[in-house]
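Commentary on secondary and tertiary structure
Next come the chains, spelled out residue by residue.
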Amino acid sequence: MDICTFLSATSLFSALEPATVQRLAACCRMEMYPDGATLFVAGDPGDEMFVVVSGSVKVLVPSEDGDITLATFSHGDTFGELALLEVGGRRSATAVAVEPSDLLVVARHDFDTILRSSPDFLYRQLCKVAMRLRRTNQLVSPQASIDVHDRTSSAHQEALGHDVTLVGYGRYGRLHIGPKYATNSTLWNMAAIVDPLLTRPQYRVSRLGLTRPDVPIFATFDDWRHEYFSKLDDAAKAKHVVEIALRPDVVYDQTVLYMRAGIKNVILPKPVTVNHEQFDQLSEEVTKHGVKAAVASQWHYSDLPRLIRREIKRLAGQPHVRLADVKLQRVELEFSKENGAAISATPPLSELPHAIQLLESIGLVDLAQHQPEVSGNEVSVEAVYRPTNITDGIHVRASLDWTPDERVKVQYPHWDVQNRTLRVYLHQDQSEPSMSVDFWVKFDRTGRYAIRPGNLILPDDRNSEWRDRLRMDFVDDQLLTMLRKIYAAFDQDFSEFQSDERVLPLDRYANVGKQLMVIEKIWQDTIRQ
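Residues numbered from 1 in each chain as written. Predicted model: local features only at pLDDT ≥ 70, side-chain atom pairs only at ≥ 80, totals over all residues. Heavy atoms only, no water.

**Points about the confidence of the model for the chain**
- The pLDDT averaged across the chain works out to 81; a share of 80% of its residues lies at or above 70.
- When pLDDT is averaged over each helix and strand of the chain, the minimum, 37, is found for helix 5 (residues 154–159) and the maximum, 97, for helix 9 (residues 221–227).
- Predicted confidence for residues 132–159 stays below pLDDT 50, and this span has 33 contacts to residues more than four positions away or in other chains.
- A low-confidence stretch, residues 461–475 stays under pLDDT 50, and its non-local contacts, those more than four residues away or across chains, total 42 contacts. (pLDDT = per-residue confidence, 0-100. Helix = DSSP H or I, 4+ residues; strand = E, 2+ residues; numbered from the N terminus. Contact = heavy atoms within 4.5 Å.)

**So, the side chain of Ser 434**
- Among the secondary structure elements, Ser 434 is positioned in the loop between strand 19 (418–425) and strand 20 (435–438).
- Engagement of the side chain of Ser 434 in a polar contact is seen with the backbone nitrogen of Leu 426, the distance being 3.1 Å. (Polar contact = N/O pair within 3.5 Å; in protein donor to acceptor, adjacent residues only side chain to side chain.)

**Focus: the nonpolar core**
- Membership of the largest hydrophobic core comes to 97 residues, with the highest contact counts inside it found for Tyr 181, Trp 224, Tyr 385 and Phe 439.
- Ranked by the residues each element gives to this core, the list is headed by helix 17 (residues 478–490), at eight residues.
- The next biggest cluster of nonpolar side chains, apart from the first, holds 18 residues, and it includes Phe 6, Leu 84, Phe 111 and Ile 114. (Core = buried A, V, L, I, M, F, W, Y, C linked by side-chain atoms within 4.5 Å. Buried < 20%, exposed > 50% of the residue type's maximum accessible area, 1.4 Å probe, protein only.)

**So, the sheet that holds strand 9 (residues 162–167)**
- An order of 11-10-9-12-13-14 is seen for the six strands of this open sheet, with the pairing classed as parallel. Only two strands of the sheet have a single neighbouring strand rather than two, namely strand 11 (217–218) and strand 14 (292–296).
- Bridge count between strand 13 (residues 265–269) and strand 14: five bridges; the pairing is parallel. Within strand 14, the residue paired with Pro 269 across the bridge is Ala 296. (Pairing = 2+ DSSP bridges.)

**Remarks on the packing of helix 11 (residues 248–260) against helix 12 (residues 276–289)**
- Packing of helix 11 against helix 12 brings their axes to within 11 Å, and their N-to-C directions diverge by 10°. Judged by the angle between their axes, helix 11 and helix 12 are roughly parallel. Within the contact between the two elements, helix 11 uses Tyr 252, Thr 255, Val 256, Met 259 and Arg 260 and helix 12 uses Gln 278, Gln 281, Leu 282, Glu 285, Val 286 and His 289.
- Split into classes, the residues belonging to the contact of helix 11 with helix 12 amount to five nonpolar, four polar and two charged. (Axes fitted to C-alpha atoms, helices over the stretch in contact; angles between N-to-C directions. Parallel < 35°, antiparallel > 145°, perpendicular 65-115°, else oblique. Nonpolar A, V, L, I, M, F, W, Y, C, P; charged D, E, K, R; others polar.)

The structure is reproduced here in structure tokens:
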């Protein structure tokens, strides 16, 4: 292909002098993207623009109900240049290849050079910006809402639902929890933050800080209690929610402080505590004070475990029996990540809680009856369960030092990649799983959206050699779904909350939490040997 001829035929570059087109053709590069590849996500640095040579690319804005496709670009179209018009500009949308696509990539420096050298090119670019902004406004304006906070109005306070204090604003709180509370909702209102290490400038540039810049920040529990919580009336105290976003080794002490101060609604992180004694004591405090304590476990609130349970029984030809009675050959579950060793938690207390929760939510193992065989090293842990209906057992692995395939890193260069997979084998032949599920869930750089490029692969009933792939590369937000269900449950009294199947109260999480502590202890003993 003659790149100069191709660029001269595009609407954006047709006004350029031939010499300028030649300079542009010499500095741009050709990239090939497979079907479903993500070129960039909202929040990524905008340092390149693209010209479609073949294939097609869709640009979308994530929303709570799926995604809004702003445009689809094909042969000769250009996109991605809007972020180049701003120094330090970031992507305002996500771009995904709809089919295998060849793209010419132009770097920021070369784009700037062309922009300054051609008035016609600058004019065309400004026209394009105006057109796209108008289209974007038409698409998203029906969903726009005004975030107004008027604490003097009791009616407005009621509409906002529960006031919230977020305890801990470290990496997890800033990137994962904070953006959820930045979402307009009648269920919650971010009222305060407690974190001794969080500065006002750090908070202001976070997603929540951009939306709610004036939220008070307290260094300690005592400061929060004396300067904020003690000034609330009894009705406001009863509705207040505290979400704990801290390491497991400090969760117990901090949670007890807030409950004894009068908090009646708490959201706790997995795995909650680091030993049985603390877990039992925390359960006693919850019952004693009538506290509605929900455990933040996104897989419990997801529809995927139910879907997987149904499909396993269907594949086994036993759709109407309990999963515990379905004969399987082997199950493998891995929740690992690259660069995870940099976090402070151990493998049993970081990635493994997700895997164990999934096992119980799907119904593959009864944690009250089965204890695992545990092995591992400093960066990984393996647990094997041997229920009587699974011949070769359930093999669970969590690693903080996983090495992804190089092709994945090329496709997703800005992500720390996770390997979150479930494989189910129904027969002795284990050359290929009967079911394969990829739970890969990615948060974008702002933490506002979760993008799931995973998939579920099943054999087709009509032809055993044909495999049906259900792609899950949609924009989803399981954390937001989880919070909505938890806050809806907080409107009930204590006994109703405890029996509500939609929510995961502390006592119902006990089997998972205590099993993780057993695994942690065995793992610690193993690596000391």
